[in-house]
Amino acid sequence: WSELSHRGTGDFSLQTLEPAAIKLRTANTDRMVITPGGNVGIGTATPNAPLDISVNSGANQLRTLQLINLGAGVGTGNAIEFNTSVAGANKVARIRSYVTATGVGDLMFDTANANSYGNAMTLKGSGDVGIGIANPQGSFDVREPGVAGIARFLIVPDRGLPTSNDLLLMAKTGANIEIFGSQ
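A quick note: this is a predicted structure, and the numbers were derived from the prediction, not measured. (Residues numbered from 1 in each chain as written. Predicted model: local features only at pLDDT ≥ 70, side-chain atom pairs only at ≥ 80, totals over all residues. Heavy atoms only, no water.)

## So, the overall build of the chain
Next, step 1: From N to C terminus, the chain includes 0 helices and 13 strands.
Next, step 2: Secondary structure elements of the chain, listed N to C terminal, follow the sequence β-β-β-β-β-β-β-β-β-β-β-β-β.
Next, step 3: Taking all 183 residues of the chain together, the buried fraction comes to 17%.
Next, step 4: Accessible area for the chain stands at about 13400 Å²; split by element, carbon and sulfur atoms hold 55% of it. (Helix = DSSP H or I, 4+ residues; strand = E, 2+ residues; numbered from the N terminus. Buried < 20%, exposed > 50% of the residue type's maximum accessible area, 1.4 Å probe, protein only. Areas by Shrake-Rupley, 256 points an atom, 1.4 Å probe, with all protein chains shown as cover.)

## Considering the pattern of salt bridges
Next, step 1: One pass over the full model with this rule turns up 5 salt bridges.
Next, step 2: In this structure, Lys 23 and Asp 30 form a salt bridge, with 3.5 Å as the shortest nitrogen-oxygen distance.
Next, step 3: By relative accessible area, Lys 23 is classed as partly exposed at 45%.
Next, step 4: A salt bridge links Asp 110 to Arg 94; the nearest nitrogen and oxygen atoms lie 2.7 Å apart. Pair noted here: Asp 110 is in strand β7 (residues 104-113) and Arg 94 is in strand β6 (residues 91-101), with a separation of 16 residues, a long-range link. Of the two residues examined, Asp 110 and Arg 94, each falls in the buried class. (Salt bridge = Lys/Arg side-chain N within 4 Å of Asp/Glu carboxyl O.)

## A closer look at the pairing of strand β2 (residues 29-34)
Next, step 1: The pairing of strand β1 (residues 22-26) with β2 spans 5 bridges and is antiparallel. Note that in β2 the partner of Thr 26 across the bridge is Thr 29.
Next, step 2: The turn joining β1 and β2, which pair antiparallel and follow one another in sequence, is formed by 2 residues; a positive phi near 50° is taken by Ala 27.
Next, step 3: Note: β2 against strand β3 (residues 40-42), 3 bridges, orientation antiparallel. Note that in β3 the partner of Ile 34 across the bridge is Val 40.
Next, step 4: Counting the residues that bridge the hairpin from β2 to β3 gives 5 residues, and of these Gly 38 lies at a positive phi of roughly 100°. (Pairing = 2+ DSSP bridges.)

Right under this line is the structure:
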């Protein structure tokens, strides 16, 4: 086997002196490339974005990118953040996972207002969807931002006997439409 080693505490640089790509190869095949412009390609020799991951699979590719949090238990998860500056100083949005129990998790979509994240939509492990609420009370639960306890649109099908919350359509203040479904 061969080895490339570095000793000491200084930086280790791998560079080209001419405008050429740096390629990492295994089994005589390019696996990763860094272009002279700085784009990184995994599975492609011509990355068209700062990080371009390409998979050539005729079957359903279940895992192209995997994020693993080695922390265990409720409250752990991963996130992908979208910012407009270095170190997240200008927050825009994020997509995050949140473990609620062993083998059960939620997917949350957050947006930023005044550079602070707030939950915009949650997809629960049960399949329930909440918009404007992180813990939906039905299959599809839409809440008025800033108005606690009021649902604008809530559907709760197939959960036993109907209640007054099975279908609730509520208009904003000053409108005439209020429909409360029950049997």
